[in-house]
Amino acid sequence: MVQVGLLLSDSPRSVTPAQQFADVRRIVEAAQRNGFSHIAIGQHFLYGDLRWLQPVPLLARLAADVDPHVRLVTQIMIAPLYHPVMLAEEIATLDIVTEGRLIFGAGLGYRPEEFDYLGIPFKERAGRFDESLQLMKKLWTQEKVNHHGKYWQLDNVQPHIFPVQQPHPPIWIGAHAEAGVRRCGRYGDAYACPPETPKAEAARRYTIVRDEFRARGKEFGPQPLRRNTLIADSREEAMLEYARVAQGRYLTYAARGLDVMNADELRDEFEKVVSGHAVVGTPDEVVAQLTDLVTTLPVDPLLVRPQWPTMDCDETIAAINRFGKDVLPAINAIPARSDIPEQEVNQ
């Protein structure tokens, strides 16, 4: 069956950190009650008028709240901002604390200012990311580690924290650019396809990952896919509500360096811009759109985002409850596929 996970959102700073944490716990409880199988949270630093609670301590705490079958996902951590020894030990510890339920999602990062804040050259992020992935795998799997790379050197060191999962937690790599997709194929276990990716482009990217997996003798299987969703009583009402809660956030992404969409078009033609990727409509329409995705692409889990910073906790829980009642059972009933239909790639 295709599993469905929840993407947690950032919150405005007008919500206190304590209230944000309390809201997250209520939202996670609602998600679990409605059958969501994964809880995922992203990451940013010094984010101004919005706040991300940092994923490692938050997921460690949430591990005590969720049932043993629920997976906890860092979706995504900005790996090039870390020394790989520190990140490897943090992730190994988190895998221990979550009792082997962790999925380590990582990405390149796109905000130059975050790199400036932490003294990491933005232009080095790709090389640092690649080397980090190589070194972290050594630190998770070897009793003695020697590493002589461009950015880090270790001589005969002895790792002292190993993850529960062997050889290590699954590595999901998120990326918008093709170079990042190929990075996933070389170093990752799954490609976490961004929510802004149209279906045909997602198929093409999965093909790149499949071919890179084959080159290193790794089996290709179902991949995580992210989608933004909103359900209402009519398509028109759903799109109006989606614009109300999400348009400002899209504009924030564009203003802060995520250049996958044009800011002017987001302001003037929002519905047209998002129609290729946002899953918006009545329950039947949302089920149909998601069913089309998961029956024609190798998707598992499907990660949905029903929450935006403009929504309060009660609104978010109402959206989760509606999704859980009207949509999730239909998606769970679909067997996950592992292949990529050629007609999807060639569209």
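Relevant structure appears above.
All of the points below concern the structure found in this document. This structure is a prediction, so every number in the text was calculated from the model and none was measured.

1. A word on a negative patch on the surface
Part 1 of the reasoning: A cluster of acidic side chains, namely Glu236, Glu271, Asp284 and Glu285, defines a negative patch on the protein surface.
Part 2 of the reasoning: With respect to the secondary-structure elements, Asp284 resides in helix α11 (residues 283-296).
Part 3 of the reasoning: Classification of Asp284 as exposed rests on a relative accessible area of 65%.

2. Looking at helix α3 (residues 84-97)
Within an α-helix, residues lying three or four positions from one another point in the same direction, as the helix has 3.6 residues per turn.
Part 1 of the reasoning: The terminal C-alpha atoms of α3 lie 20 Å apart, and with 14 residues this matches the ideal 20 Å at 1.5 Å per residue to within 8%.
Part 2 of the reasoning: Pro84, Leu87, Ala88, Ile91, Ala92, Leu94 and Asp95 are the residues of α3 that are buried. Angular distribution of buried residues about the axis of α3 spans 160 degrees; they occupy a single face of the element.
Part 3 of the reasoning: In this fold, the buried residues of α3 make contact with α2 (55-62), β5 (71-78), β6 (102-107) and α5 (125-141).

3. Focus: the packing of aromatic side chains
Part 1 of the reasoning: According to the stated counting rule, one finds seven aromatic pairs in the structure shown.
Part 2 of the reasoning: Aromatic side chains Tyr242 and Trp308 sit 5.9 Å apart centroid to centroid with 80 degrees between the ring planes, which places their arrangement in the edge-to-face category. Note that Tyr242 is positioned in helix α8 (residues 235-255) and Trp308 in the loop between β13 (299-305) and α12 (313-326), a separation of 66 residues in sequence.
Part 3 of the reasoning: Trp308 sits in the buried class, given a relative accessible area of 1%.

4. As for the packing of helix α1 (residues 17-33) against α12
Part 1 of the reasoning: Viewed as axis vectors pointing N to C, α1 and α12 meet at an angle of 10 degrees, and their least axial separation amounts to 9 Å. When the interaxial angle is binned, α1 and α12 end up roughly parallel. Counting all contacts with α1, which are made through Asp23, Arg26, Ile27, Ala30, Ala31 and Arg33, the residues of α12 involved are Cys313, Asp314, Thr316, Ile317, Ile320 and Asn321.
Part 2 of the reasoning: Across the contact of α1 with α12, the residue classes break down as six nonpolar, two polar and four charged.

5. Here's the deal with the environment of Lys144
Part 1 of the reasoning: Tracing the backbone shows Lys144 in the loop between α5 and β7 (145-148).
Part 2 of the reasoning: Sequence separation between Lys144 and Ser275 is 131 residues; the distance between their C-alpha atoms is 51 Å.
Part 3 of the reasoning: Beyond its immediate chain neighbours, meaning those up to four positions away, Lys144 contacts Asn156, Val157, Gln158 and Pro159.

6. What to know about the layout of surface pockets
Gaps between atoms show up when a probe of the same size as a water molecule is rolled over them.
Part 1 of the reasoning: Approximately 270 Å³ is the volume attributed to the second largest pocket.
Part 2 of the reasoning: Taken together, 15 residues form the lining of the second largest pocket, with Leu230, Ile231, Glu241, Met311 and Ala319 sitting closest to its centre.
Part 3 of the reasoning: Looking at the lining of the second largest pocket, the elements that each hand over two or more residues are β11 (223-231), α8 and α12.
Part 4 of the reasoning: For the lining of the second largest pocket, the element with the most residues is α12, which contributes five residues.
Part 5 of the reasoning: Among the residues making up the lining of the second largest pocket, the classes are represented as nine nonpolar, one polar and five charged.

7. As for the packing of helix α6 (residues 178-187) against helix α7 (residues 199-215)
For any two helices packed against each other, the geometry comes down to the angle between their axes and how far apart the axes lie.
Part 1 of the reasoning: Contact pair α6 / α7: the axes reach a minimum separation of 7 Å and the direction vectors enclose 35 degrees. Here the hand of the crossing between α6 and α7 comes out right-handed. Packed against α6, whose contacting residues are Glu178, Val181, Arg182, Cys184, Gly185 and Arg186, the element α7 presents Arg204, Arg205, Ile208, Val209, Glu212 and Phe213 at the interface.
Part 2 of the reasoning: Residue composition of the contact of α6 with α7, by class: five nonpolar, one polar and six charged.

8. Some words on the pattern of salt bridges
Part 1 of the reasoning: Counted according to the given criterion, the structure contains 26 salt bridges.
Part 2 of the reasoning: A salt bridge links Arg204 to Glu178; its shortest N-O distance comes to 2.9 Å. Of the two residues, Arg204 sits in helix α7 while Glu178 sits in helix α6, which places them 26 residues apart along the sequence.
Part 3 of the reasoning: Accessibility expressed as a relative area gives 34% for Glu178, which makes it partly exposed.
Part 4 of the reasoning: In this structure, Lys325 and Asp326 form a salt bridge, with 3.3 Å as the shortest nitrogen-oxygen distance.
Part 5 of the reasoning: For Lys325, a relative accessible area of 65% gives the class exposed.
Part 6 of the reasoning: Classification of Asp326 by relative accessible area gives partly exposed; the value is 26%.
Part 7 of the reasoning: In the salt-bridge network here, residues are joined through shared partners; they are Glu178, Arg182, Glu201, Arg204, Arg205 and Glu212.

Quick notes on the rules
Starting afresh in each chain, residues are numbered from 1 along the sequence in its written order. Where local features are concerned, this predicted model is filtered to residues with pLDDT of at least 70; where side-chain atom pairs are given and counted, the filter is 80 or more; whole-chain, interface and lining totals use all residues. Think of the side-chain values as coming from all heavy atoms in the structure, minus any hydrogens and water. Distance thresholds for patches are 9 Å for like charges and 5 Å for nonpolar side chains (Val, Leu, Ile, Met, Phe, Trp, Tyr), applied to residues having over 30% relative accessible area and no salt bridge. Every accessible area reported is derived by Shrake-Rupley at a probe size of 1.4 Å, with residue values counting cover from the shown protein chains alone. The term salt bridge refers to a side-chain nitrogen of Lys or Arg lying within 4 Å of a carboxyl oxygen of Asp or Glu. Note that His is not counted, nor are the chain ends; the positive residues are Lys and Arg, and the negative ones are Asp and Glu. One atom stands in for each charge, and that atom is NZ of Lys, CZ of Arg, CG of Asp or CD of Glu. Secondary structure elements are defined from DSSP: runs of H or I of at least 4 residues count as helices, runs of E of at least 2 residues count as strands, and each element is numbered from the N terminus. Under the scheme applied here, a residue whose accessible area is under 20% of the maximum for its type counts as buried, over 50% as exposed, and between as partly exposed, the area being computed with a 1.4 Å probe on protein chains only. Under the convention used throughout, the expected extent of a helix is 1.5 Å for every residue step, that is, one less than its residue count. The directions from the helix axis to the C-beta atoms form the arc being described. Here a residue-residue contact requires only that any non-hydrogen atoms of the pair lie within 4.5 Å. In summary, the pairing rule links any two rings of Phe, Tyr or Trp, Trp by its six-membered ring, whose centres are within 6.5 Å, and it sorts them by plane angle into stacked for under 30 degrees, edge-to-face for over 60 and tilted for everything else. A fitted line through C-alpha atoms represents every axis, and for helices the fit uses only the stretch in contact; the resulting angles, taken between N-to-C directions, go from 0 to 180 degrees. Any angle between 65 and 115 degrees counts as roughly perpendicular, while under 35 counts as roughly parallel, over 145 as roughly antiparallel, and the rest as oblique. By the convention adopted, Pro, Cys, Tyr, Trp, Phe, Met, Ile, Leu, Val and Ala count as nonpolar, Lys, Arg, Asp and Glu as charged, and the other residues, Gly among them, as polar. Within this scheme a cavity is a closed region of a 1 Å grid, computed over the protein atoms alone, that accommodates a 1.4 Å probe without allowing it to escape, whereas a pocket is open but has protein on both sides within 12 Å along at least five of seven lines; lining residues each have an atom within 4 Å of a point. Grid points are joined across faces, edges and corners, and a volume is the space filled by probe spheres set on the points. Crossing chirality is assigned from the near helix's rotation relative to the far helix, an anticlockwise turn below a right angle marking it left-handed and a clockwise turn marking it right-handed.

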